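Remarks on the overall topology
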Amino acid sequence: MNELITKIQGDPTLMLMAIIAVVVLLVIVLTVVVSAMRVKTYKDRFWNVQVDNKEKSEHITRIERELQEYKIKDAKNQQELAQFSETKTTLKSTQTNFELLQKNANELEKELSQTKAKLESAEGIYENHMHEHTTLKERFDAIMEENAKYRVNNARLLMKLESEERQAQIAREKQRAQGKNDG
């Protein structure tokens, strides 16, 4: 075996042939592995298809039972449909009453919205009046303070004026008295 390996290593043609043989062998092994995997995949698919078919057949059986139940219900519904005309008449009268109530409710709602609008307007006017009242009250208070200051000032001025008039009168009387004494 060692001789064969040494002989192959020494001869490039044999080495090329050995490499080709190994490549061919790998291709064959790879083909067998891929085929085995495909067989396994197809086998799994086959089992899955069988399970799906079983589930589908059970589902079909269940749907057929439901179909029978629906047929029975349909017969009952047909009987109820025969009684539907009475219900329809009752419904029409109820519908008419409902429409009247609806119109009445709409009118009341319009009236309510108008009343709300009037209320909001009145509240706005009230707010304006309250603001105006507050402003006027502040102004009134300021004017009253100023008026009180003026009164105090006027009282002082009057007192000063009276005081000066007395002094002037006293001075005139002194001058008259001196004028009489001089004369």
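Structural data are supplied above this passage.
So, here is what we can say about the structure in this document. Just so it is clear, the model here is predicted, and its values are computed rather than measured. (Residues numbered from 1 in each chain as written. Predicted model: local features only at pLDDT ≥ 70, side-chain atom pairs only at ≥ 80, totals over all residues. Heavy atoms only, no water.)

Looking only at helices and strands, the chain has three helices and zero strands in total. For a compact globule of 183 residues, the expected C-alpha radius of gyration is about 16 Å, and the chain comes in at 61 Å, more than 25% above that figure. For the chain, the spread of C-alpha atoms along the three principal axes comes to 180 × 95 × 20 Å. Of all 183 residues assigned to the chain, the portion counted as buried reaches 0%. Summed over all atoms, the accessible surface of the chain reaches about 17,700 Å², with 59% contributed by carbon and sulfur. Side chains of the chain give 29 positive and 29 negative charges; the mean places of these two sets differ by 1 Å. (Helix = DSSP H or I, 4+ residues; strand = E, 2+ residues; numbered from the N terminus. Rg over C-alpha atoms; globule rule 2.2 N^0.38 Å. Buried < 20%, exposed > 50% of the residue type's maximum accessible area, 1.4 Å probe, protein only. Areas by Shrake-Rupley, 256 points an atom, 1.4 Å probe, with all protein chains shown as cover. Lys, Arg positive; Asp, Glu negative; His and termini not counted. Charge placed at Lys NZ, Arg CZ, Asp CG, Glu CD.)

Two measures define how a pair of helices packs: the angle their axes make with one another and the distance between the axes. Between helix H1 (residues 2-10) and helix H2 (residues 12-82), whose axes approach to 5 Å, the crossing angle comes to 110°. Compared by their axis directions, H1 and H2 come out roughly perpendicular. Facing Lys-7, Ile-8, Gln-9 and Gly-10 of H1, the residues of H2 in contact are Pro-12, Leu-14, Met-15 and Ala-18. The residue inventory of the contact of H1 with H2, partitioned by class, reads five nonpolar, two polar and one charged. (Axes fitted to C-alpha atoms, helices over the stretch in contact; angles between N-to-C directions. Parallel < 35°, antiparallel > 145°, perpendicular 65-115°, else oblique. Contact = heavy atoms within 4.5 Å. Nonpolar A, V, L, I, M, F, W, Y, C, P; charged D, E, K, R; others polar.)

Now for a nonpolar patch on the surface. Residues Leu-16, Ile-20, Val-24, Ile-28 and Val-32 make up a contiguous nonpolar surface patch of about 450 Å² in total accessible area. Turning to its location among the elements, Ile-28 is positioned in helix H2. Residue Ile-28 is classed as partly exposed on the basis of its relative accessible area of 49%. (Patch = residues over 30% accessible without salt bridge, like charges linked within 9 Å, V, L, I, M, F, W, Y side chains within 5 Å. Salt bridge = Lys/Arg side-chain N within 4 Å of Asp/Glu carboxyl O.)

Attention shifts here to the packing of aromatic side chains. Counted by the stated rule, this structure contains one aromatic pair. Geometrically, the ring pair formed by Phe-46 and Trp-47 is edge-to-face, given 6.3 Å between the ring centres and 70° between the ring planes. The class of Trp-47 is partly exposed, set by a relative accessible area of 48%. (Phe/Tyr/Trp six-rings, centres within 6.5 Å; stacked < 30°, edge-to-face > 60°.)

Let us look at the pattern of salt bridges. Across all of its chains, the model carries one salt bridge by this definition. As a salt-bridge pair, Lys-40 and Asp-44 come within 3.4 Å of each other at their nearest N and O atoms. You can see Lys-40 and its partner Asp-44 sitting in helix H2, four residues apart, about one turn around the helix. A residue is classified by how much of its surface remains accessible, and Lys-40, at 52% relative accessible area, is exposed.

A few words now on the environment of Ser-113. Following the sequence through the fold, Ser-113 ends up in helix H3 (residues 84-182). On the basis of relative accessible area, Ser-113 is assigned to the partly exposed category, the value being 40%. Among the polar contacts made by the side chain of Ser-113, one reaches the main-chain carbonyl oxygen of Lys-110 at a distance of 2.7 Å. (Polar contact = N/O pair within 3.5 Å; in protein donor to acceptor, adjacent residues only side chain to side chain.)

Another point: the environment of Ser-35. Of note, Ser-35 is situated in helix H2. Judged by its relative accessible area of 37%, Ser-35 is partly exposed. At 2.8 Å, the side chain of Ser-35 and the backbone oxygen of Thr-31 are in polar contact.

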